[in-house]
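# Structural features, examined
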Amino acid sequence: MTRLQSVGNALWANGVHGMAVVEDGRIVDVNEVLMAWLGVSADELRNRRLVDLLTPDRRGSASPTTLDEVAHGKEHGPLDVRVSSPHETERTLSLSSLALGDDHRLVVLEDVTCQRRVGRELTQWRTALETSLNGYHIMDASGAFVYANRAFLDMWGYATLDELRGTSLGELCAEAETARGMVETIEAHGQTTLEFEARKADGTLFEVLMAARAAQDERGSKVYVATSLDISEQRRLRGEIAHLQRVEAVGALAASVAHDFNNMLSPILGFTDLLLADGDLREDQRRQLDQVRVAAERSRDLTSQLLAFGRKQVIRPRFGMIVVSDTGQGLSAEAREHLFEPFFTTKGKFGTGLGLASVQGIVQQHGGRIHVDSAGDTGTTFTLYLPLTKTAPKAT
């Protein structure tokens, strides 16, 4: 017996692969491994067609025709097939064959169940990561990016991972100190979650929520794994909700104050009218009382405005768009930020700060919105958008 024959016999008897000798597509002999996988004896297998015992894997390229061709001697690369026994779960096998001469072929079957399952799971994980709406990235201990999914690249404005490589996390933050603080927290506590202002590749700023933690890669080396979510819209909505809550609170207070103030104005106006009805008043006294009445009426108008603001008085909309412009100095960034807040005014002691707050309240109550455009010394333009009514309002 040659050394090659000895090796072949050892592999047949003691190897981990299932083997069968086939002639004209039918089994001549099988080894113990294949018998164990199929759950039948050699005598039961002899003279049976190989293709009757194997099922093409639905995820592979094998077919019954392909298997039959291989069993009859056609050269072909490895094929995935499935096999099951009465006592075992289904196995995935990689099939290959080689010619032995005299129309005999050796069919070798390798159990790849675990490898294929792991491969499918890895594919599923990669698909989940690459199609996720959240950004995912991994950095090594030096802070270099080793992985970033599509959502992360899109979030920060990079086309490919190669473009991102060589960029530090600090460069993706509006403030470099943010990244240093995150790393320090992870080193101290193992993980961190932080909302911060980030910077895109083109310099655009946006708000992001990032959760990161320390981990190990397949070699046991330290890495940082993180997930990110663009929360710019949530931040904006959160600010609007906070603003509306402030407006509502101020509105309730304003309505209460206006109601009490209105009660005090009623006797002032009433007694002023009684005094003005006196025919014996001197002209200077009448002028003074007229001034009292004018001031009281202006105060009454102000309380009406406060009551309308506090009670969210409904006014029937009848316009599609209203544009109001001036040619003044424009609005500062601070003024624009507080423009619609109750009692905020740029007119000093001459303003009440209720005009724009009331306008915004009325517009929003009717499903409309206001756009403000103000830049430099070009003045300010207010554009009001209101839903159109299908019928004309009734005359009042």
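Structure: above.
Residues numbered from 1 in each chain as written. Predicted model: local features only at pLDDT ≥ 70, side-chain atom pairs only at ≥ 80, totals over all residues. Heavy atoms only, no water.

## Some remarks on the packing of aromatic side chains
According to the stated counting rule, one finds 3 aromatic pairs in the structure shown. With centroids separated by 5.8 Å and ring planes inclined at 45°, the aromatic side chains of phenylalanine 145 and phenylalanine 152 adopt a geometry described as tilted. No difference in accessibility class separates phenylalanine 145 from phenylalanine 152, as the two residues are buried. The structure contains a cluster of three or more aromatic residues connected by ring pairs, namely Phe145, Phe152, Trp156 and Phe206. One cation-aromatic arrangement involves lysine 200 over phenylalanine 206; the distance from NZ or CZ to the ring centre is 4.5 Å. A cation over an aromatic ring shows up here: arginine 369 above the ring of tyrosine 385, its NZ or CZ 4.4 Å from the ring centre. (Phe/Tyr/Trp six-rings, centres within 6.5 Å; stacked < 30°, edge-to-face > 60°. Buried < 20%, exposed > 50% of the residue type's maximum accessible area, 1.4 Å probe, protein only. Lys NZ or Arg CZ within 6 Å of the ring centre and 35° of its normal.)

## Digging into the sheet that holds strand E14 (residues 380-385)
If you trace the 3 strands from one edge of the open sheet to the other, you get E12-E14-E13, paired in antiparallel fashion. Lying at the two open borders of the sheet, with one neighbouring strand each, are strand E12 (321-325) and strand E13 (369-374). Averaged over all neighbouring strand pairs, the angle between strand axes comes to 15°, with direction disregarded. Bridging between E12 and E14 involves 5 bridges; their strand directions are antiparallel. What sits directly across from serine 325, in E14, is threonine 381. (Pairing = 2+ DSSP bridges. Helix = DSSP H or I, 4+ residues; strand = E, 2+ residues; numbered from the N terminus. Axes fitted to C-alpha atoms, helices over the stretch in contact; angles between N-to-C directions.)

## Quick notes on the environment of valine 21
In this fold, valine 21 is placed in strand E1 (residues 18-23). Spatially, the C-alpha atom of valine 21 lies 9.8 Å from that of alanine 99, the residues being 78 residues apart in sequence. Those residues within four positions of valine 21 in sequence are excluded, and the remaining contacts are Trp12, Arg26, Ile27, Val28, Asp29, Leu100, His104, Arg105 and Leu106. (Contact = heavy atoms within 4.5 Å.)

## Describing the sheet that holds strand E11 (residues 222-230)
Ordered by their spatial adjacency, 5 strands build an open sheet running E8-E7-E11-E10-E9, and the pairing between neighbours is antiparallel. Two strands in the sheet have a free side with no partner beyond their single neighbour: strand E8 (145-148) and strand E9 (191-199). Shown here is a sheet whose adjacent strand axes are inclined to one another by a mean of 25°, direction ignored. Relative to E8, strand E7 (residues 135-140) is paired through 3 bridges, and the arrangement is antiparallel. Paired with isoleucine 138 across the bridge in E8 is tyrosine 147. Here helix H8 (residues 176-189) sits on the sheet and contacts E9, strand E10 (205-216) and E11; the angle it forms with E9, its principal contact strand, is near 175°.

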